[in-house]
Amino acid sequence: MNETIELGTQNPELVKKAINAVLPPSVIGIIGGGQLGRMMAIAARQMGYRVVVLEPTSNSPLGQIADDEWNEPYDDEAALTAMLGFADVVTYEFENVPYAPIRKLASLGNLPQGELPLVVTSHRLREKLAIESAGYKVAPFLAVMSKDELRYAIKRIGYPSILKTSSGGYDGKGQWVLRSDADLPEVLKIANDNEYVLEGFVDFTSEVSVIATRSVNGDVEVFPVTENEHVNQILHVSIAPARIDDSLRAEAESIARGLIEKLDFVGTLAIEMFVTADGLVINELAPRPHNSGHWTIDGCTISQFEQHIRAICGLPLVKPEIRGYAVMVNLLGQHLDYALSAWQKPEFSDGKLHLYGKDEMKKNRKIGHINFVGNDWGELEAKIEQFLIGFPR
Ligand code: ADP
Ligand code: MG
């Protein structure tokens, strides 16, 4: 359903881009039915696109609001092939989609991101090597594939350090902090089971992230740098703009732009970084909209989700500009009751509540977030402090 629009003859490049754009009411296929897909789909449907999702579990957060939900495994080649035939453009909402079938299928239809972002970011070791080869800094690390390699890595990197699974980890899962030899027996037990990376502990003053979007036309836009506070290795609060020096801010934005171009990714790339006394150190990448960018829905001229849809559809990207100051508070299963009661109070009623339609309120699982936006940082900060006073941990 690629439609063309009349643009006149003013700029041949623009005309070419517009003719190639996938326009509403075309169908967008999304692989993965979680909250990121849901928020992509909300942005897409607002613009008049239709959305179909491939997701093994029925009634998924995205399935609830999609035009159609196909319940098949992510690597079901028949379903993927059917989706490429059915949808005008296909994207994914998380990095653990098996990349082999995606590679095979990218040649069959419009899957502009291809498998490359998945290959790089679904494997911590590959990801770190890719970041280094693009010329950017990561924490000291070594691959660990056996007990001997773990002992060697600890000798080289020392304590404190963190052992992380190379694939499949999220929200601090699949990570073990090592502070001394006393922590060694527990991790030696698992060292042969899987591929790991041992990473030196970074002495950071804060954590920030930057989200970059690159369209099928090669245009890049970068969202304002966001500051992130984690509790138990899970994102708790994001603050935008990040409270860092302007020189660091410019460097963070330039790293984001540089990485998405050098890695040759299309779509969204989120980059998590540590701010240290020696400058910025990259922690990890995500080839998709990111939890730390949820404030953009209410606090920016364009949301990370709408920008992503524009990028994969070949529409011009929008320059992201923050509306004053924004804070996002993440809601986990154990926070729902508190958040609902606080949100009903007049002083917090301007908080924009986003719940994801999860069917279970599991502890430490992301179930929603709430955004606060304001023009006066002092007032906003005081409001967030008040909101967090009774927040369950
Ligand atoms: P996940 O995939 O679970 O987000 P991360 O590697 O981002 O995994 O780790 C989650 C959080 O744990 C980080 O945001 C940071 O707060 C902390 N962390 C991870 N690695 C390090 C490190 N090398 N040094 C210090 N803190 C770290
Ligand atoms: Mg992380």
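Residues numbered from 1 in each chain as written. Chains lettered and ligands numbered in written order. Predicted model: local features only at pLDDT ≥ 70, side-chain atom pairs only at ≥ 80, totals over all residues. Heavy atoms only, no water.

### Some thoughts on the overall build of the chain
For step 1, the next point in the chain: A tally of helices and strands in the chain yields 13 helices and 17 strands.
For step 2, the next point in the chain: Relative to the compact-globule value of 21 Å for 393 residues, the chain shows a C-alpha radius of gyration of 21 Å, a close match.
For step 3, the next point in the chain: Across its three principal axes, the chain shows a C-alpha extent of roughly 70 × 55 × 45 Å.
For step 4, the next point in the chain: Put simply, the chain shows about 17,000 Å² of open surface, and 50% of that area lies on carbon and sulfur atoms. (Helix = DSSP H or I, 4+ residues; strand = E, 2+ residues; numbered from the N terminus. Rg over C-alpha atoms; globule rule 2.2 N^0.38 Å. Areas by Shrake-Rupley, 256 points an atom, 1.4 Å probe, with all protein chains shown as cover.)

### Here we look at the coordination of the magnesium ion (ligand 2)
For step 1, the next point in the chain: Surrounding the magnesium ion (ligand 2) are the protein donor atoms Glu272 (OE), Glu272 (OE) and Glu284 (OE), which sit 2.0 to 2.6 Å from the metal. Residue Glu272 is located in strand S13 (residues 267-276), and its partner Glu284 is located in strand S14 (residues 279-286); the two are separated by twelve residues in the primary sequence.
For step 2, the next point in the chain: Classification of Glu284 as partly exposed rests on a relative accessible area of 22%. (Donors = N, O, S within 2.8 Å, 3.2 Å for Na, K, Ca; no water. Buried < 20%, exposed > 50% of the residue type's maximum accessible area, 1.4 Å probe, protein only.)

### Considering the sheet that holds strand S5 (residues 141-144)
For step 1, the next point in the chain: Pairing is antiparallel in the open sheet, where four strands are placed in the order S5-S8-S6-S7. In this open sheet, the two edge strands, each paired with only one partner strand, are S5 and strand S7 (175-178). Strand-to-strand twist in this sheet, taken as the mean axis angle between neighbours without regard to direction, amounts to 20°.
For step 2, the next point in the chain: Bridge count for S5 against strand S8 (residues 196-200) is four bridges, and the pairing is antiparallel. Looking across to S8, one finds that Ala143 is bridged to Val197.
For step 3, the next point in the chain: Sheet strands touched by helix H6 (residues 124-133): S5, strand S6 (161-165), S7 and S8. Its angle to S5, the strand with the most contacts, is close to 150°. (Pairing = 2+ DSSP bridges. Axes fitted to C-alpha atoms, helices over the stretch in contact; angles between N-to-C directions. Contact = heavy atoms within 4.5 Å.)

### Some points on helix H4 (residues 99-106)
For step 1, the next point in the chain: Three or more residues of H4 are buried, namely Pro101, Ile102 and Leu105. One face of H4 carries all of its buried residues, which in axial projection span an arc of 100°.
For step 2, the next point in the chain: Packing partners of the buried residues in H4 comprise strand S1 (27-31), helix H3 (77-86), strand S4 (89-92) and helix H5 (116-121). (Arc of directions from axis to C-beta.)

### Digging into the packing of helix H2 (residues 35-46) against helix H11 (residues 304-313)
For step 1, the next point in the chain: Orientation of H2 relative to H11, taken along the N-to-C sense of each, is 70°, at an axis distance of 8 Å. Viewed along their axes, H2 and H11 adopt a mutual orientation that is roughly perpendicular. Residue-level inspection shows Leu36, Met39, Met40, Ala43 and Ala44 of H2 in contact with H11, the latter providing Phe305, Glu306, His308 and Ile309.
For step 2, the next point in the chain: Looking at the contact of H2 with H11 residue by residue, the classes come out as seven nonpolar, one polar and one charged. (Parallel < 35°, antiparallel > 145°, perpendicular 65-115°, else oblique. Nonpolar A, V, L, I, M, F, W, Y, C, P; charged D, E, K, R; others polar.)

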